[in-house]
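# Structure at a glance
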Amino acid sequence: MNRLRYLLAAAVALLAASAALAQGQGGRQTGLKLSGDQPIQIESDRFEVNESEGVGVFTGNVSVVQGETQLRSARMKVFYDSESGSVSAGGAQIERLEVDGGVYLKSEGQVATGERGTFNMQTEVLELSGNEVVLTEGENVIVGCKLTVQMASGQATLESCKDGGSGGRVRMLLTPDSQNRQ
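Since the structure is predicted, the reported quantities are computational estimates derived from the model, not experimental observations.

### A word on the overall build of the protein chain
Counting secondary structure elements, the protein chain contains 1 helix and 10 strands. N-terminal to C-terminal, the α/β element order of the protein chain is α-β-β-β-β-β-β-β-β-β-β. For the protein chain, the proportion of its 182 residues judged to be buried stands at 39%. Within the protein chain, residue pairs in contact and separated by at least 24 positions form 45% of the contacts whose partners lie at least 6 positions apart.

Written out as structure tokens, the structure is:
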């Protein structure tokens, strides 16, 4: 279960890292210890900022990379507190991030996938959801439909699919000694 926590922490760290890049050096700390010595690269087909609404949207083949951690999705929407500074100049505080269109998170051999995800910067809550949320590390797999992580406490909950998308239950496959085979 500790390995699952590391995956979740890496996923949130990646999302927070992309937020930190958008905020600049003077931004709010989320309580996560991010690697300050690794550059963050964000690529997409398009980026739009709506200053009046406090929203920035990366669309089309969104890729965020920091070191070995990767995030891919079709779209990443960043919601800013427009009263805290200029969105287009990178001075506004980030309230939350939303990613959708097939979310793929990878960090050091661990992978999480879902259809959409959110990270609320104020409450430090990460949610990954979809018809099938899959967490893997080597041969170990956990499947559900909604993953919620309270970053402040480290508490994680994986819920089953109420509509029967994954058989109506959380499923887990743990392979003995799988960590020794990598």
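On we go from here.
### Section: the state of the cysteines
Taken as a whole and judged by the stated rule, the model has 1 disulfide. Disulfide pairing is shown between Cys 145 and Cys 161; the S-S distance is 1.4 Å. Taking the sign of the S-S torsion, 75° for the link of Cys 145 and Cys 161, the bridge is right-handed. Taken together, the positions of Cys 145 in strand E8 (residues 140-150) and Cys 161 in the loop between strand E9 (155-159) and strand E10 (171-173) put the pair 16 residues apart, joining distant regions of the chain. We classify Cys 145 as buried; its relative accessible area is 10%.

### Let's talk about the side chain of Asn 140
Among the secondary structure elements, Asn 140 is positioned in strand E8. Among the residues examined, Asn 140 registers a relative accessible area of 13% and is labelled buried. A distance of 2.7 Å separates the side chain of Asn 140 from the backbone nitrogen of Thr 175, its partner in a polar contact.

### Topic: the environment of Asn 61
Turning to its location among the elements, Asn 61 is positioned in strand E3 (residues 55-66). The exposure class of Asn 61 is exposed, given its relative accessible area of 60%. Sequence-wise, Asn 61 and Gly 101 are 40 residues apart; in three dimensions their C-alpha atoms are separated by 9.5 Å. Asn 61 has contacts with Glu 43, Ser 44, Asp 45, Ser 73 and Ala 74, leaving out every residue within four places of it along the chain. A distance of 3.0 Å separates a polar atom in the side chain of Asn 61 from a polar atom in the side chain of Asp 45.

### Some details on unusual backbone geometry
Unusually for a residue other than glycine, Asn 61 sits at a positive phi of about 50°. Despite not being glycine, Glu 124 shows a phi value in the positive range, around 55°. Along the chain, Glu 124 falls in the loop between strand E6 (110-120) and strand E7 (125-137). Given the relative accessible area of 15%, Glu 124 is considered buried.

### A few points about the pattern of salt bridges
Considering all chains together, one arrives at 6 salt bridges under this definition. Notably, a salt bridge pairs Arg 46 with Glu 48, separated by 2.7 Å at the nearest N-O pair. Taking relative accessible area as the criterion, Glu 48 reaches 42% and is therefore assigned partly exposed. We note a salt bridge from Glu 115 to Arg 116, for which the minimum N-O separation is 3.3 Å. Here Glu 115 falls in the partly exposed class, since its relative accessible area comes to 31%.

Rules behind the numbers
- Residues numbered from 1 in each chain as written.
- Predicted model: local features only at pLDDT ≥ 70, side-chain atom pairs only at ≥ 80, totals over all residues.
- Heavy atoms only, no water.
- Helix = DSSP H or I, 4+ residues; strand = E, 2+ residues; numbered from the N terminus.
- Buried < 20%, exposed > 50% of the residue type's maximum accessible area, 1.4 Å probe, protein only.
- Contact = heavy atoms within 4.5 Å.
- Disulfide = S-S within 2.5 Å.
- Polar contact = N/O pair within 3.5 Å; in protein donor to acceptor, adjacent residues only side chain to side chain.
- Salt bridge = Lys/Arg side-chain N within 4 Å of Asp/Glu carboxyl O.

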